[in-house]
Amino acid sequence: MSQPLAERMRPRTLDEYIGQKHLVGQGAVIRQMIESGRISSFILWGPPGVGKTTLAQIIAHSMEVPFYTLSAVTSGVKDVRDVIQRAENNRFFSMNSPILFIDEIHRFSKSQQDSLLGAVEKGTVTLIGATTENPSFEVIRPLLSRCQLYILKPLEKDDLLSLVERALHHDNILSKRHITIKEHGALLRYSGGDARKLLNILDIVCGQEGDLEITDELVVSHLQQNPLAYDKQGEMHYDIISAFIKSIRGSDPDAALYWMARMIEGGEDPQFIARRIMISAAEDIGLANPNALLLANAAFDTVMKIGWPEARIPLAEAVIYLATSPKSNSAYNGINKALEIVRQTGNLPVPLHLRNAPTQLMAEIGYSDGYKYSHDYPGHFVEQQFMPDALASQRIWHAQENAAEEKLKQRMLNCWGKRYE
């Protein structure tokens with residue numbers, strides 16, 4: 001029986017690797033490490049199917065060092081210690097450290113992660129971890145401080161289409177047939193930026209013999225006949241969390257509860273759900289109802305204290321409250337616009353009157369000169385410039401149409417006048 005298409009098409013070199021140019025393109029950090037012959041420990045964070053495991057294997061092959069793999073789902077502390085012992089035994093004086101790749105490192109317990117610290121710090125192994133979860137929450141601080149963190153992005157449309165073309169023209173089975181792509185919308189839509197899922201779908205669609213023209217209708221019909229064939233081992237995870245968040249954002253508590261129930265029945269980590277609720281409270285409800293973030297945070301704390309199955313109740317309470325709350329993304333838009341301005345304008349100087357003057361020399365050259373202390377004025381406000389000179393008239397935050405932000409807007413109009421119209 002032949003290997004699945006996704007495995008047959010697994011890249012063996014950086015030149016075959018598709019996507020993640022910010023990490024492996026010319027001059028990018030991981031390519032530079034490989035070319036220099038010195039790899040430091042790092043963690044790859046990104047959604048499924050974007051090339052985390054493949055990249056680790058390419059690195060090991062390029063460096064020509066022993067490569068050990070552990071899965072956090074099936075390995076315990078003993079397995080970690082056994083691998084470290086083998087790495088010590090196989091380490092020669094002139095060799096680079098063996099590479100230890102740990103898939104789903106976020107599933108390692110604290111004791112399992114602790115067992116890695118000494119080997120990573122001494123250079124017994126070079127650790128490459130892969131995770132779909134935010135390492136800030138899931139990886140212990142001492143281990144995180146010993147590793148660089150690199151973020152992998154979902155593959156873009158051009159990357160996915162390149163992957164399909166490469167499979168059709170270079171796979172030793174598909175390249176022998178006449179297969180053309182008439183429509184690619186369904187392929188891209190069902191893959192969700194996941195290369196492995198895309199190739200699994202292509203494998204299903206191309207299962208019939210002879211020449212083939214791939215259309216959206218053909219893809220949909222095959223996936224309806226094989227609803228789980230391209231979604232093994234919980235890869236609907238990101239589709240369902242997306243539906244969950246969009247249901248909250250769309251003010252549909254019934255749908256939000258349904259999708260959360262799907263996650264609960266699927267064995268999802270309650271902390272994962274609680275964190276997504278907190279993010280939604282800040283991003284989608286925001287200033288329209290600031291209490292939403294307080295309730296979401298309280299739900300997270302409660303989940304940490306009581307666990308399943310009781311945690312479903314405070315989570316449901318938070319979800320209903322968020323879904324039924326008025327919505328605003330003005331804070332989300334505001335910080336994104338501010339970041340965009342900073343990236344475009346660079347390090348603009350702080351106006352002199354806003355600078356601190358802890359020394360006599362700083363005071364003499366004008367630091368803090370002309371600053372007006374707001375509390376000395378009626379209403380604890382006095383008009384003065386707080387932005388850099390080049391951005392003095394720049395607007396960033398814009399109130400949205402809801403009762404809470406209307407009050408904030410009116411106060412800004414009273415303070416600043418036409419600037420906040």
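This one's a predicted model, so the numbers in the text were calculated from it and none came from an experiment.

Calculation notes
Residues numbered from 1 in each chain as written. Predicted model: local features only at pLDDT ≥ 70, side-chain atom pairs only at ≥ 80, totals over all residues. Heavy atoms only, no water. Helix = DSSP H or I, 4+ residues; strand = E, 2+ residues; numbered from the N terminus. Salt bridge = Lys/Arg side-chain N within 4 Å of Asp/Glu carboxyl O. Buried < 20%, exposed > 50% of the residue type's maximum accessible area, 1.4 Å probe, protein only. Pairing = 2+ DSSP bridges. Axes fitted to C-alpha atoms, helices over the stretch in contact; angles between N-to-C directions. Parallel < 35°, antiparallel > 145°, perpendicular 65-115°, else oblique. Left-handed = near helix turned anticlockwise from the far one by under 90°. Contact = heavy atoms within 4.5 Å. Nonpolar A, V, L, I, M, F, W, Y, C, P; charged D, E, K, R; others polar. Polar contact = N/O pair within 3.5 Å; in protein donor to acceptor, adjacent residues only side chain to side chain. Patch = residues over 30% accessible without salt bridge, like charges linked within 9 Å, V, L, I, M, F, W, Y side chains within 5 Å. Areas by Shrake-Rupley, 256 points an atom, 1.4 Å probe, with all protein chains shown as cover. Core = buried A, V, L, I, M, F, W, Y, C linked by side-chain atoms within 4.5 Å. Expected span 1.5 Å × (residues − 1). Phe/Tyr/Trp six-rings, centres within 6.5 Å; stacked < 30°, edge-to-face > 60°.

Undergrad: Lay out the environment of Y371 with the relevant residues and their values.
TA: Note on placement: Y371 falls in the loop between α19 (360–364) and α20 (403–416). Linking Y371 and L354, residues 17 residues apart in sequence, is a C-alpha distance of 6.3 Å.

Undergrad: Give me the pattern of salt bridges: which residues, what numbers.
TA: For the structure shown, the criterion picks out 11 salt bridges. The shortest N-O distance in the salt bridge between E121 and R146 comes to 3.1 Å. Residue E121 is found in helix α6 (residues 110–122), and its partner R146 is found in the loop between α8 (141–145) and β5 (148–151); the two are separated by 25 residues along the sequence. Accessibility expressed as a relative area gives 56% for E121, which makes it exposed. Among the charged side chains, a network of salt bridges with common partners joins R249, E283 and D284.

Undergrad: If you had to explain the pairing of strand β2 (residues 67–71) to someone new, which residues and values would you point to?
TA: The alternating pattern of β2 places Y68 and L70 on a buried face and F67, T69 and S71 on a face that is not buried. One ladder, built from five bridges, connects β2 with strand β3 (residues 99–103); its direction is parallel. Along β3, the bridge assignment pairs T69 with F101.

Undergrad: Provide a residue-level description of the packing of helix α15 (residues 270–285) against helix α17 (residues 312–324), including the pertinent values.
TA: Running from N to C, α15 and α17 cross one another at 20°; their axes reach a closest spacing of 11 Å. The pairing of α15 with α17 is recorded here as roughly parallel in orientation. Between α15 and α17 lies a crossing whose hand is left-handed. From α15, P270, I273, A274, I277, S280, A281 and I285 reach across to α17, where they touch L315, A318, V319 and L322. Considered class by class, the residues forming the contact of α15 with α17 number 10 nonpolar, one polar and no charged.

Undergrad: An account of the side chain of S97 is needed here, citing residue identities and associated values.
TA: The residue S97 is located in the loop between α5 (77–89) and β3 in this model. Here G123 takes part through its backbone oxygen, which lies 2.5 Å from a polar atom of the side chain of S97.

Undergrad: Hey, could you go over unusual backbone geometry for me, with residue numbers and the actual values?
TA: In this model, E104 sits at a positive phi of 55°, which is unusual for a non-glycine residue. When you line up the elements, E104 lands in the loop between β3 and α6. For H380, which is not a glycine, the phi torsion comes out positive at approximately 60°. Tracing the chain through its elements places H380 in the loop between α19 and α20.

Undergrad: Any details on a nonpolar patch on the surface? Residues and values, ideally.
TA: A contiguous nonpolar patch, built from Y371, Y373 and F386 and spanning about 310 Å² of accessible area, is present on the exposed surface. Residue placement: Y373 occurs in the loop between α19 and α20.

Undergrad: Break down the nonpolar core for me, with residues and values.
TA: Counting 28 residues, the largest nonpolar core has L202, I214 and V219 as its most contacted members. Counting residues per element, this core draws most heavily on helix α11 (residues 195–205), at seven residues. Core analysis: the second largest hydrophobic core is formed by 25 residues, A274, I285, A311 and V319 among them.

Undergrad: Outline helix α14 (residues 253–265), supporting the account with residue identities and numerical values.
TA: Compared with an ideal rise of 1.5 Å per residue, which puts 13 residues at 18 Å, α14 spans 18 Å between its outermost C-alpha atoms and is within 8% of the ideal. Sitting at the amino-terminal end of α14 is D252, which places a side-chain oxygen 3.2 Å from the backbone nitrogen of D254. At the exit of α14 stands G267, carrying a positive phi of roughly 85°.

Undergrad: Can you break down the sheet that holds strand β4 (residues 126–131) residue by residue, with the values?
TA: The parallel open sheet is built from five strands, whose spatial order is β2-β3-β4-β1-β5. The open sheet has two edge strands, β2 and β5, and neither has a second partner. The mean angle between the axes of side-by-side strands here comes to 20°, regardless of whether they run parallel or antiparallel. With four bridges joining them, strand β1 (residues 42–45) and β4 adopt parallel strand pairing. Across the sheet, residue I43 finds its bridge partner in β4, namely G129. Against the sheet, helix α4 (residues 52–63) engages β1, β2, β3 and β4, with an angle of about 175° to β3.

Undergrad: Now, about α5: what can you tell me, with residues and values included?
TA: The end-to-end C-alpha distance of α5, which contains 13 residues, comes to 19 Å, matching closely the 18 Å that a straight helix rising 1.5 Å per residue would cover. Along its buried surface, α5 packs onto β2, β3 and α6.

Undergrad: Tell me about the packing of aromatic side chains, residues and numbers included.
TA: If you walk through the whole model with that rule in mind, you get four aromatic pairs. Residues F67 and F101 carry aromatic rings whose centres are separated by 6.3 Å and whose planes lie at 20° to one another, so their mutual orientation is stacked. A residue pair is termed long-range when its members are at least 10 positions apart, and F67 in strand β2 and F101 in strand β3 qualify at 34 residues. Classification of F67 as partly exposed rests on a relative accessible area of 28%. Centroid distance Y258 to W259: 4.8 Å. Interplanar angle 70°. Geometry classified as edge-to-face. Residue classification places Y258 among the partly exposed positions, given a relative accessible area of 42%.

Geometry only, nothing functional implied.
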